[in-house]
Amino acid sequence: MNHVRIAIDGPAGAGKSTVARTVAKRLGILYVDTGAMYRGVAWLAQTYGVSPSDEAGLVAMLREHPLTCGRSEHDTVDILADGRVITQELRSPAVSGMVSELSAHPAVRDILTALQRDFSRHESVVMDGRDIGTVVMPDADVKIFLTADLDERARRRLSEMEGQGFCVDYQELRATMAERDARDASRPVAPLRQAPDAIVVDSTGKSVEDVADEILSIARQVL
Ligand code: C5P
C-alpha cells in the first residue's frame, strides 16, 4: 500500500481509539493514540509534582524525563516514561482530570506534535486525537470527525473504566467529560475542531465494527 494517513478527531468517548485501532488493524498499518501522549505528560506531572498550569515547569520536566514511544507487537504505540511502559496508568481519573489543562500550553503541544509528525512522515498511520486533521496532519488523505451523543459517550467511558477497576459515578463522569470537551474546544491553540474537509461520522447506537466499516468505505473512495 502507498503511504496512507488517516486522521480521526472528536470529543472524549466518541470511540476514537477503539475504532482507530480497528481501522488500522484492518489496513495492516500503525495506530497512533495522541491522547495517550498528552496523558503521559499528565502522568509525569502527577509523579513529579509539576502543576498542570506551569508551562515552563512542564517543558523542563519533559527535558529531564522525556516521553518516548515504542512500537508494540500489535502495531500500536506504547508510551514510555522513565524507561517503562505506562499505558495502564494513563486512564486514571487523576490523569483525566488534569490532562486538558496542560494540553492547552503551546510549548507542550509543540513537543508532542513533533513526535506525532515523526510517526506519520515515514509510514502509513491511523492517528486519533483533537487536532490531527487540523494541525498534526493537515494533508492527511482521509479526515474523520467522530462524534456521539454525550450520554452514550459517558456510558461507554463508564463501562471502560469499570472494566479497568476504577469506581466512578456516572453523573460525575458525564459532567467531567463535558467540561473536558468544552476546555479542549475553547483553547486558543489547536482546539478540538472539525477540519473543513473532514467527514462527520456519528457513532451513536453503532457498534465498533459498523463504525470501522463506515470509515473504511470512506477511505476506499479516496485511497
Ligand atoms: O483522547 P483522550 O481522551 O485520551 O485525550 C485526553 C486529552 O488529551 C484530551 O481531553 C485533550 O485535552 C488532550 N489531547 C489534545 N490533543 C490531541 C489528543 C488529546 O489536546 N491530539
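Conventions and cut-offs
- Residues numbered from 1 in each chain as written.
- Predicted model: local features only at pLDDT ≥ 70, side-chain atom pairs only at ≥ 80, totals over all residues.
- Heavy atoms only, no water.
- Near = heavy atom within 4 Å.
- Polar contact = N/O pair within 3.5 Å; in protein donor to acceptor, adjacent residues only side chain to side chain.
- Helix = DSSP H or I, 4+ residues; strand = E, 2+ residues; numbered from the N terminus.
- Nonpolar A, V, L, I, M, F, W, Y, C, P; charged D, E, K, R; others polar.
- UniProt positions renumbered as here; feature names shortened; annotations may be inferred.
- Contact = heavy atoms within 4.5 Å.
- pLDDT = per-residue confidence, 0-100.
- Expected span 1.5 Å × (residues − 1).
- Buried < 20%, exposed > 50% of the residue type's maximum accessible area, 1.4 Å probe, protein only.
- Arc of directions from axis to C-beta.

**Comments concerning the site of the ligand**
Looking at the ligand, there are 16 residues lining it, with Arg-39, Arg-109, Asp-131, Arg-180 and Asp-184 nearest. Arg-109 has a polar side-chain atom sitting 2.8 Å from an oxygen atom of the ligand. Contacts to the ligand include Arg-187, whose side-chain N or O atom sits 2.9 Å from an oxygen atom. Of all the secondary structure elements, the ones that give two or more residues to the shell around the ligand are α2 (34-48), α4 (93-103) and α8 (170-186). With 4 residues, α2 is the largest single contributor of residues to the shell around the ligand. Considering only residue class, the shell around the ligand consists of 3 nonpolar, 5 polar and 8 charged.

**Quick word on the UniProt feature "binding site: ATP" (unreviewed entry) in the protein chain**
As annotated in UniProt, the feature "binding site: ATP" (unreviewed entry) corresponds to Gly-10, Pro-11, Ala-12, Gly-13, Ala-14, Gly-15, Lys-16, Ser-17 and Thr-18 in the numbering used here. Looking at the secondary structure, you find Gly-13 in the loop between β1 (5-9) and α1 (16-27). Those residues in contact with Gly-15 that sit more than four places away from it in its chain are Leu-146 and Arg-156.

**Describing the confidence of the model for the protein chain**
Residues at a pLDDT of 70 or more form 100% of the protein chain, whose mean pLDDT is 95. Reported for the predicted complex are a pTM of 0.96 and an ipTM of 0.99.

**As for the UniProt feature "domain: Cytidylate kinase" (unreviewed entry) in the protein chain**
In the UniProt entry, the feature "domain: Cytidylate kinase" (unreviewed entry) is given for residues 6-220. Along residues 6-220 the backbone is 53% helical and 16% strand, and the end-to-end C-alpha distance reaches 11 Å.

**Some thoughts on α8**
Along an α-helix, residues three or four positions apart point the same way, because every turn accommodates 3.6 residues. Its 17 residues place the ends of α8 24 Å apart at the C-alpha level, agreeing with the 24 Å of an ideal helix rising 1.5 Å per residue. Residues of α8 that are buried: Leu-173, Met-177, Arg-180, Asp-181 and Asp-184. Seen along its axis, α8 keeps its buried residues to an arc of 100°; they face one direction. In α8, the exposed positions that point more than 90 degrees away from the buried face belong to Gln-171, Glu-172, Glu-179 and Ser-186. Where α8 is buried, its residues touch α2, α4 and α7 (150-163). With a side-chain oxygen lying 3.3 Å from the backbone nitrogen of Gln-171, the N-terminal cap of α8 falls on Asp-169.

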